[in-house]
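# Survey of secondary and tertiary structure
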Amino acid sequence: EQLGVDVATAMSQGDASHLVPGLTDARDVVAGCMFSCALGGNGKVSCWGGNDRSQLGAGGGDRTSSARPIEIEGVEGAVAIGAGCAHACVRTDEGTILCWGSNARGQLGTDRISLSEGLVTLPARGRLHVLRFATCVDEGGGAFRCFGE
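Heads up: these notes are all about the structure in this document.

How each quantity is defined
Residues numbered from 1 in each chain as written. Predicted model: local features only at pLDDT ≥ 70, side-chain atom pairs only at ≥ 80, totals over all residues. Heavy atoms only, no water. Pairing = 2+ DSSP bridges. Helix = DSSP H or I, 4+ residues; strand = E, 2+ residues; numbered from the N terminus. Axes fitted to C-alpha atoms, helices over the stretch in contact; angles between N-to-C directions. 1 Å grid on protein atoms, 1.4 Å probe; cavity = no way out; pocket = protein on both sides within 12 Å on 5 of 7 lines; lining within 4 Å. Points joined across faces, edges and corners; volume = space filled by probe spheres on them. Nonpolar A, V, L, I, M, F, W, Y, C, P; charged D, E, K, R; others polar. Disulfide = S-S within 2.5 Å. Buried < 20%, exposed > 50% of the residue type's maximum accessible area, 1.4 Å probe, protein only.

## Looking at the sheet that holds strand E11 (residues 143-148)
- Strand order in this open sheet of 3 strands is E9-E10-E11, and the pairing throughout is antiparallel. The strands lining the two open edges of the sheet, one partner per strand, are strand E9 (127-131) and E11. In this sheet, neighbouring strand axes are inclined to one another by 20° on average, regardless of whether the strands run parallel or antiparallel.
- Here strand E10 (residues 134-140) pairs with E11 via 6 bridges, running antiparallel. Following the sheet pairing, Thr 135 is matched in E11 by Phe 147.

## Section: the layout of surface pockets
- Size it by volume and the largest pocket reaches roughly 210 Å³.
- For the lining of the largest pocket, the elements supplying multiple residues, two or more each, are strand E2 (35-40), strand E3 (45-49) and strand E4 (66-71).
- For the lining of the largest pocket, the leading source of residues is E4, giving 4 residues.
- Its residues assigned to classes, the lining of the largest pocket comprises 8 nonpolar, 5 polar and 4 charged.

## Quick notes on the state of the cysteines
- One pass over the full model with this rule turns up 4 disulfides.
- Each disulfide pairs two cysteine sulfurs, and for Cys 37 the partner residue is Cys 47, the sulfurs being separated by 2.0 Å. Between Cys 37 and Cys 47, the disulfide has an S-S torsion of 105° and is therefore right-handed. Here the residue Cys 37 occupies a position in strand E2, and Cys 47 occupies one in strand E3, the gap between them amounting to 10 residues. Accessibility assignment for this pair places Cys 37 and Cys 47 in one class, buried.
- Across a sulfur-sulfur distance of 2.1 Å, Cys 89 and Cys 99 are joined as a disulfide pair. On the S-S bond that ties Cys 89 to Cys 99, the torsion sits near 110°, and the link is right-handed. Placement of the pair is Cys 89 in strand E6 (residues 87-92) and Cys 99 in strand E7 (residues 96-101), with a sequence separation of 10 residues. Per residue, the accessibility class of Cys 89 equals that of Cys 99, and both read buried.

So, in structure tokens, the structure goes:
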């Protein structure tokens, strides 16, 4: 589902390449361990694939995976995106860093080691760098603020 289709079916039809259904305006795509996200030209973000760690941004305990992109509620004006193994973050045009997904290693910047139930605002502003189990922000002047491992 991370690629937007059942790969076994696509390969059995002789073509492992395909368009991700529903994406028409993507300007950047990132991939985590079992999910992918696209940043649209409109500043919105959609994710698809596995959702066992809230990677698709759905709050309220919904952990349903999706082969089709799902728009992340509350993300507007995104200008940069990154994905770790089970979390994703964006930087908005106002410089705010918003994240969602797993916080098992503190990568969402909260002291609560759990899954996010929606968007989390990191207490940092600057250029975004998302790693496998960490989120770092280049605050300028050689200063980096990192969350997680």
